[in-house]
Each structure stands twice: as structure tokens, then as C-alpha cells.
Amino acid sequence: MNFVQRLGNNTLDQLRGWGHAALFFWEMLLAVPAALSRFGLVVAQIYAIGNRSLVIILASGLAVGFVLALQMYYALVTYGAAESLGLIVNLSLVRELGPVVTGLLFAGRAGTSLTAEIGLMKAGEQIAAMELMAIDPKARVLVPRLIGGVVSMPILAVLFSAVGILGAWVVAVKMIGVDSGNFWSIMQTQVDVWRDVGNGVIKSIVFGVICTVVALYQGFETEATPEGVAYATTRTVVISSLWILGMDFILTALMFSTP
Amino acid sequence: MGKKGVETLVGLFVLLGVAGLAFLALKAANLGSLTGADSYSVQARFDNIGGLKPRAAVRSAGVTVGRVSSIVLDPKTFQGVVTLDIERTYNFPKDTAAKILTAGLLGDQYVGLEPGGDDKNLVAGETIAQTQSAVVLENLIGQFLTTQADDAGSASGAASGAKK
Amino acid sequence: MNSDTFIEIEHVSFGYDPSRLILKDISLKFPRGKVTAILGGSGCGKTTLLRLIGGVYPANSGRVVFDGDVINTRDKAQTYKLRRRLGMLFQFGALFTDLTVFENVAFPLREHTALPEDMIRDIVLMKLNAVGLRGAAALRISEVSGGMARRIALARAIALDPELIMYDEPFAGLDLISMGVAAKLIRTLNDVTDATSLVVSHDVAECMAISDFVVLMATGGRIVAQGRPEELMASDDPETRQFVRGEPDGPVKFHYPAPPMDADFGLSAQAATP
């Protein structure tokens, strides 16, 4: 096969892969009503995905808040604008770092766990067994996890930002000595709840959908071997992360292009 | 852990999320001061609004009494028409002056209200008659240079002509 | 509709990849209410046959008839309706590892019926009792042995009292006691519930002991022989004899095709060296 043929084949394979993934997503959407009627399953998944990620998200949020406060202070103090520290930290977190960093952490923690779980279920023929019992594995296994992920992500992102702001307050007010009143009041006048907080929440919902769908797809389509599952979890993290960063650019351009 | 336990924890998780969102919206953003229910609108016209933006503060004696709700250009007079939402608890006399001021040296711009002495108060929908536009830096520099040039001209004129 | 035949395979050919057929023009009739064993070496298509009967894949040509209904894999509703009437025992159990033993067996009951929990509890314990594991109901799947896992999977497969029970290699990797237990269960279940049982295996001794009807397949998806167990044991056909007697060499060769030994070991050169 010469170079052109190979290129053509690879492109076609890639297209087929995307089409396959899109069909997969569509079939999952169709099964959402069925999964919602089994609300207990969804709740169990929110616990597995959301609650279990709380520790790392809160810890990271706090750490990022600390560091942001320090770094931004050094930058702002040269312009005599140290009082705006709260505002800068808030906007950085709520608009960008909250959704994006939470998304990346989510892909790493919850995404890989989902991929491995589904992949191993497939390897152990549990999915096939369910099919032969006339139970749709998408509605029973996959979609509850999808809903769990889409519900958990925005909550985690909001908590990341909130904890980050509190952490920044501790560093700014208690350690550096920025005025507490100014810290909050300048923030309160300049941060718009719909434009900044609201758009941040929208971003985190989009990232939640992307990460969860990618994780479930990779797990579902993996080869039923240990190497296959390991490879699939790597792909989940890589693909989710690239999509998050790409979509973040597009969403930021759409949402924040006018001051 | 039993099913009830899981449900409780998930409920707490969601509650935590709502609390976080409420914190962000109220304490860390401007939702608290966006309540427009108990406010009334008046208008003010400026030749130049400078850097004034919607949702900027309206202050009197430094106290925030309202918000700028919209800014549009009047196509006939080519003035900027600024709509102010003032809280109902504050009433200002009809001859109140509105100035566009800057908070601090490099801060954001806001509308300052200086009350007059009229017996009657401003009512919703009325227009503030006395306004002072924002200070535009370029104009200020231009003025300064012109004054300098004048002084230099008159100084040399005085030096070469009769004493003052 | 022939009431003696529960499953009929009519001239079925199938391959995951159309250029490499696993089953070639197979025709079989599985008698109702009897235990039929499907024997053959690895790779002869026995498990694939079970998948076709379960409607997992569509046949490339021919039809699979399930109690008079032709299986149409594109019709999801029909496929699911048919699957409610069958129970399948996978080779390694395919139990749901995140549930307990009890919850595994209760799974099909909870999904497909609206029975109250106390009734489900009774049924589950009865099924576990039938396989001898009523005491293990509270265990987690990680705590059970391989043999126990198969029995739990069997209890789960029969939870809804299916008309067709399919066993995929039920004896593979079991010790003699467990094998005896499994064989006894298969036979007893079939007799007690009037179900039709299909046992895919390469364990000749156990299968011959419990089956009413035996089908022997060979690589390439051919049917070598079919009939009652005694007929196959007494057969003169060399392929059949080799399989049922476990002879290492015969129509199924011992050696993988290789060049002659002389060439590989350089033996012909010995005569030339001084």
C-alpha cells in the first residue's frame, strides 16, 4: 500500500471512529429516560463519582487559591493595585481555573476509574451476560454513570472556586495584610453573577459531559485484556484533557469576548 | 454502607454544591446588590460618559445608593443618556447634580450625586438637569499644554513689554 | 411448528469476518426438553453457535429458529423477548462483581419482574438452595471460589425459570468433585423444570453421562457426528473415535504443520561430515 492509500485508510478509520463515538453518544442519550426512572442507580453513581472526588478537588482548590493569592499579589503590588487581589483571584477561578482544573482532575480521577470499571466489566463478560438477560447495558450501567458525571462536575467546579477564594482570603488578609473589607467589596462590585459565575458553571457542565462520555466510550470499546484496559485509561485522560482545553478556548472566546 | 447512607451523602454533596454556588453568587459576586425591585429609575445626560459601564455604582457622599442600569446614545442630541436605578429608601432633590467620578486614581468610574436644595424630590422617570461629564485624560493634557503655552506667551510678552 | 424441536439451525453460515467463516452451512435440530451436548475441540464454533441462538450476532446466511420464531437480530424488541426465555451460564460465571451473591441472583428478578422484595428473597434463596449455596447468600463475589462462582451463575441463569438453558464450558477447570456436582445439577434441573439444555463442552466423559443427544463439531464449523451418546461412543468414524477416546493423533494431527525434520536440524548434512 503506498503512502496515499495508507493516508486515505487512516483518515477513513479516524472518521469511522468519530462516527462510532457519535452513535454511541446518541444511543446513550436515548436511554436517559430509562435510566432516570431508576433514580437509585443515578444516586449511587453521583456518590461514586462526585462524593469520592471531593477530597482531591477541595485540596486542589485550596492549594490553587493560596498560590494565586501569592502570585497575583506580587504582580498587583507593583501597580499599587493590591486591593484588587480578591477580584483577580475570583475572576481567575470562577471563569477559568475552576472549570478547567476541576475538569482535568475529574478526567484523571473519575474518568480513569469509569473507564477501568467498564472495561473490566466488559472483559469479565458482565456486559454480555446483561445483554443475554435482556437488559440493556446502556440504560442500566452506562447512562447512570453519565448522569452522575454531568451532575457532579459543576458541583465540584463550584466548590473548587469557592474553596479557592476562601484560601486566597486566608493568604491575602491573614498573611499578607490586604484589607478584608476591600477584598470582598471590590470583588462584589465587579464580579457579575450571570456573566462570570454563570458562564463558569456552563463551562463545567460542558466539560462534565465531555469527560464522562469519553471515559465511558473508551471503557466500552476497549479490548478485553489487561493491556487493553490500561491503554484505554490512558486514552481517556489524554482525549478528555485535549477536549477540555480546546473547548475552553472556544467557550472563552464566545463568552468573554466583550468586556 | 446501606442505600440510605449513600442517599444521605449524595444529598449532602448536592447541598454543599448549592451552598458553594450561593457563596459565589452572593458573597463573591454582585447578586446581593442586583435586586432591582425596590428601586426607581431616573435619567441623566452627559456629553461624555468616559469609562462608565452598566452596573457601575451610583454614590452620594461615598455611599452606594444605586446602580447604572443602561447607557445609550441619544441620536438627536448626541449625548450619552445614562439610566440610574436608585434605591427607594433614598430620595434626592430635583436640582441634584450628577457627576461622573473616578474611584481613586486608577479605579473604575461611578456616578456621584450631589444633592441640591429643592423642596421637591426626583420622581421616577425624571431627568437630572445638572450633569458633569467624565474627565477625559487626553482633553486634560490638551488643556494643560494650552495653558502652558499661554503662560509662556504672556510671560515672554510681559518680559519684553510693560511690567504687570 | 414441530413441537419436538425447540431450536432449529437451518443452513447457517457465520463468521465475524465474512471472509473467514467459523460455521459453514450448519443444520441442527435441538430436541425440546432434553439435554444436548455440543462437543468439539477449541475453535470449532461451539460458543459462536450459542451466541447465534442468543441473538447476539446475525447469521451471514440461513436462519436460527427459536421455538418456531425466526430470530431477527435487528428487531430489538423481539430479541429481548426471546432472551427472557433463556438463561446462559458463561464459562467463568460473568457475575456482577459489585454485587453480593444474593444480589446477583436477584438481579434478573428485580429487573424483569415487579415482585415484592420478600417474594424475591424467597425465590433467590430457593434457587441458591437448588445449587447448594443458600448459606453463601451474603458473600461478596470476590470471596467465592471458581466452582462456587459457576454455581451462583447457574442460580442466576435459572432465576426466571427459563425454557432454554445454555451452558458454555461448565466443566472447564473444575476438580472432579465440582465436575460431578455440576453434571448432577445440569441433569436434575433439566428433568425437574422441563427445560431444554444445551451444554457446550469438550469434556467427553461428563457430557456423555448426562446427555440425551450429542453433536460433535470440528474446526471449520462442520458437524462430524450427531446422535445418542452410545452411538457416538461406538462409532467407527475415525474423527469421532479420536475425539471420544482422546487419542493424541488421528484425523486431528498432533504436529502443527512444519517443514521436514531433516531441514530444521540439518540431519541430511551428517552423512557428508567425516
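Above this text is the structure in question.
Residues numbered from 1 in each chain as written. Chains lettered and ligands numbered in written order. Predicted model: local features only at pLDDT ≥ 70, side-chain atom pairs only at ≥ 80, totals over all residues.

1. Side note on the overall build of chain C
Formally: Under the scheme used here, helices are H or I runs from DSSP no shorter than 4 residues and strands are E runs no shorter than 2 residues, and both carry numbers assigned from the N terminus. Around each residue's C-beta, the other C-beta atoms within 10 Å are counted; 20 or more make the residue buried, 12 or fewer make it exposed, and counts in between make it partly exposed. All C-beta atoms are placed from the backbone.
Helix and strand counts for chain C stand at ten helices and ten strands. The principal-axis extent of the C-alpha atoms belonging to chain C is close to 90 × 45 × 35 Å. A burial count over chain C gives 35% of its 274 residues as buried.

2. Quick word on helix H1 (residues 3–27) of chain B
Stated formally: What a helix is expected to span follows from its residue count: subtract one and scale by 1.5 Å.
Helix length check: H1(B) (25 residues) gives 35 Å between terminal C-alpha atoms against 36 Å at 1.5 Å per residue, within 8%. For H1(B), the complete set of buried residues consists of Val10(B), Phe13(B), Gly17(B), Gly20(B), Leu21(B), Leu24(B) and Ala25(B).

3. Some details on helix H8 (residues 180–190) of chain A
For the record, the criterion: Residues are defined as contacting one another if the C-beta atoms placed from their backbone atoms lie within 7 Å.
Within the sequence span of H8(A), burial applies to Phe183(A), Ile186(A), Met187(A), Gln188(A), Thr189(A) and Gln190(A). Where H8(A) is buried, its residues meet helix H5 (85–123) and helix H7 (137–176) of chain A together with strand S2 (57–60) of chain B.

4. Digging into the nonpolar core
Basically, it comes down to this: As used here, a nonpolar core is made of buried Ala, Val, Leu, Ile, Met, Phe, Trp, Tyr and Cys residues. They are joined through C-beta atoms within 7 Å.
Within the largest apolar cluster, 157 residues are counted, with the highest numbers of intra-cluster contacts made by Leu85(A), Val105(C) and Met166(C). No other element matches H7(A), which puts 22 residues into this core. For Met166(C), the residues in contact, after removing those within four places along its chain, are Leu50(C), Ile53(C), Leu86(C), Met88(C), Leu89(C) and Leu198(C). The next biggest cluster of nonpolar side chains, apart from the first, holds 20 residues, and it includes Val42(B), Leu52(B), Phe92(B) and Ala98(B).

5. Some points on the sheet that holds strand S1 (residues 5–14) of chain C
Residue and element names in this part refer to chain C. Counted only if it meets this: For two strands to pair, DSSP has to find at least two bridges joining them.
A sheet is described by the order of its strands in space; here four strands give the open sequence S2-S1-S4-S5, paired in antiparallel fashion. Of all the strands in the sheet, the pair left with one neighbour each is strand S2 (23–31) and strand S5 (69–70). The sheet contact formed by strand S4 (residues 61–66) and S5 spans two bridges and is antiparallel. By the bridge assignment for S5, phenylalanine 66 is matched with aspartate 69.

6. Observations regarding the interface of chain A and chain B
Frequently, the measure chosen for interface size is the accessible area removed from exposure when the parts meet. Threshold: When residues are sorted by character, Ala, Val, Leu, Ile, Met, Phe, Trp, Tyr, Cys and Pro go into the nonpolar class, Asp, Glu, Lys and Arg into the charged class, and all the rest, Gly among them, into the polar class.
Every contact between the two is made by 24 residues of chain A and, on the other side, 22 residues of chain B. When contributions to the side of chain A that touches chain B are tallied by element, the ones reaching two or more residues are helix H3 (39–49), H5, H7, H8 and helix H9 (193–220) of chain A. Looking at the side of chain A that touches chain B, the element that brings in the most residues is H7(A), giving six residues. A class-by-class count of the residues in the side of chain A that touches chain B yields 15 nonpolar, seven polar and two charged.

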